[in-house]
Amino acid sequence: MRPVIKVGVFGALGRMGSEVVRAVEAAADTELVAGIDSPDEREKVLGSDVVVDFTHPDVVMDNLRWLVDHGIHAVVGTSGFDEAKLAEVRRLLDARPGVNVLVAPNFGIAAVLMMHFAAKAAPYFESAEVIELHHPNKADAPSGTAYRTAELIGAARAEAGLAAAPDATTSELPGARGAQVEGVRVHALRITGMIAHQEVVFGTHGETLTIRHDSMNRESFMPGVLLGVRRVADLPDRLTVGLESLLGL
Ligand SMILES: NC(=O)c1ccc[n+]([C@@H]2O[C@H](COP(=O)([O-])OP(=O)(O)OC[C@H]3O[C@@H](n4cnc5c(N)ncnc54)[C@H](O)[C@@H]3O)[C@@H](O)[C@H]2O)c1
Ligand SMILES: O=C(O)C1=N[C@H](C(=O)O)CCC1
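Residues numbered from 1 in each chain as written. Chains lettered and ligands numbered in written order. Predicted model: local features only at pLDDT ≥ 70, side-chain atom pairs only at ≥ 80, totals over all residues. Heavy atoms only, no water.

If you look the protein up in an unreviewed UniProt entry, it shows as 4-hydroxy-tetrahydrodipicolinate reductase from Thermobifida alba. Looking at the protein in UniProt, the text filed under Sequence similarities (unreviewed entry) is "Belongs to the DapB family." Looking at the protein in UniProt, the text filed under Function (unreviewed entry) is "Catalyzes the conversion of 4-hydroxy-tetrahydrodipicolinate (HTPA) to tetrahydrodipicolinate." (UniProt positions renumbered as here; feature names shortened; annotations may be inferred.)

Trainee: Can you break down the overall build of the protein residue by residue, with the values?
Mentor: When helices and strands are tallied, the protein shows six helices and 11 strands. For 249 residues, the compact-globule estimate of 2.2 N^0.38 gives 18 Å, and the C-alpha radius of gyration of the protein, at 19 Å, lies within 12% of that figure. Judged by the C-alpha coordinates and their principal axes, the protein covers about 55 × 35 × 35 Å. Within the protein, buried positions represent 47% of all 249 residues. Within the protein, residue pairs in contact and separated by at least 24 positions form 72% of the contacts whose partners lie at least 6 positions apart. In the structure as shown, the protein presents an accessible area of about 12,100 Å², 53% of it carried by carbon and sulfur atoms. If you average the places of the 23 positive and of the 33 negative side-chain charges in the protein, the two averages end up 2 Å apart. (Helix = DSSP H or I, 4+ residues; strand = E, 2+ residues; numbered from the N terminus. Rg over C-alpha atoms; globule rule 2.2 N^0.38 Å. Buried < 20%, exposed > 50% of the residue type's maximum accessible area, 1.4 Å probe, protein only. Contact = heavy atoms within 4.5 Å. Areas by Shrake-Rupley, 256 points an atom, 1.4 Å probe, with all protein chains shown as cover. Lys, Arg positive; Asp, Glu negative; His and termini not counted. Charge placed at Lys NZ, Arg CZ, Asp CG, Glu CD.)

Trainee: I'd like to hear about the layout of surface pockets, residue by residue, with values.
Mentor: The volume enclosed by the largest pocket comes to roughly 810 Å³. Surrounding the largest pocket, 39 residues form its lining, M16, F54, T55, T78 and S79 being those nearest its centre. Elements with a contribution of two residues or more to the lining of the largest pocket: α1 (15-26), α2 (60-69) and α5 (144-159). For the lining of the largest pocket, the element with the most residues is α1, which contributes three residues. Across the lining of the largest pocket, the residue classes break down as 15 nonpolar, 17 polar and seven charged. (1 Å grid on protein atoms, 1.4 Å probe; cavity = no way out; pocket = protein on both sides within 12 Å on 5 of 7 lines; lining within 4 Å. Points joined across faces, edges and corners; volume = space filled by probe spheres on them. Nonpolar A, V, L, I, M, F, W, Y, C, P; charged D, E, K, R; others polar.)

Trainee: Outline the site of ligand 2, listing residues and values.
Mentor: Close to ligand 2 lie S79, P105, N106, H134, H135, K138, D140, S143, G144, T145 and A196. Within the side chain of H135, one N or O atom sits 2.8 Å away from an oxygen atom of ligand 2. Taking 310 Å² as the accessible area of ligand 2 by itself, protein coverage stands at 85%. Judged by the proximity of its atoms to the pocket grid, ligand 2 belongs to the largest pocket. Split by residue class, the shell around ligand 2 holds two nonpolar, seven polar and two charged. (Near = heavy atom within 4 Å. Polar contact = N/O pair within 3.5 Å; in protein donor to acceptor, adjacent residues only side chain to side chain. Sits in = over half its atoms within 2 Å of the grid points.)

Below, the structure is given as structure tokens:
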């Protein structure tokens, strides 16, 4: 039998962190060392095998630096990871052998499938745009999931040699056509009553395809978070981005 995994939680009083605390306490193979909600309390998670971070894009790098320095594996759900931030994580890990980091833009299994299917569909359509819809308390836009989806679609389009998506717009109220990520338009909606949702809309001549994902509650992210907690120490790469490889995709 595998030993119980000792887990710390950063952001423990937040919407996601509080759900993670519940999930870690409920699982038979994990044990909560401490849940903290301020960097001043970090020492409380010493002794953890893994720390789960759901905090804020502005503080997550500082948290990661501390975790890597202290030899603790990290499972990161906090959004805002572009290539520059990921490169910084790789540099941190190079200096500290034996620590692994998993950064997942979305821990929802269905959300991971949505991103995977979107990347598969991308080469077959002239047009592709992403619409993400979230609760209005979200700090960042576009969502990490939308950013990652657009990156995947952009890469698949480039590999397939597709030209830029057709768009005759010459007069535009700033923002009306969304932000561009790797040449893919991304639109962010903030709507009371919603949690986390995304549509990827593809179009070609005479046919469109819409792939939609909905997280109806924050419990939906927990199977993915626990999968990350269970696997992070044994992942083949020091930095893993996304749950795809853990799901065999
Ligand atoms: N990857 C995913 O599946 C997924 C799912 C939902 C949310 N998120 C992301 O997770 C992050 C948190 O979302 P949320 O809705 O829970 O936010 P939230 O504001 O409800 O919670 C964040 C908590 O972190 C605390 N905090 C801030 N700085 C801290 C620090 N340095 N150390 C410890 N705690 C600190 C805050 O006090 C707050 O309680 C966001 O970036 C969000 O986009 C990711
Ligand atoms: O509620 C949030 O905030 C979410 N953030 C992640 C993102 O930015 O993609 C995942 C979905 C929920």
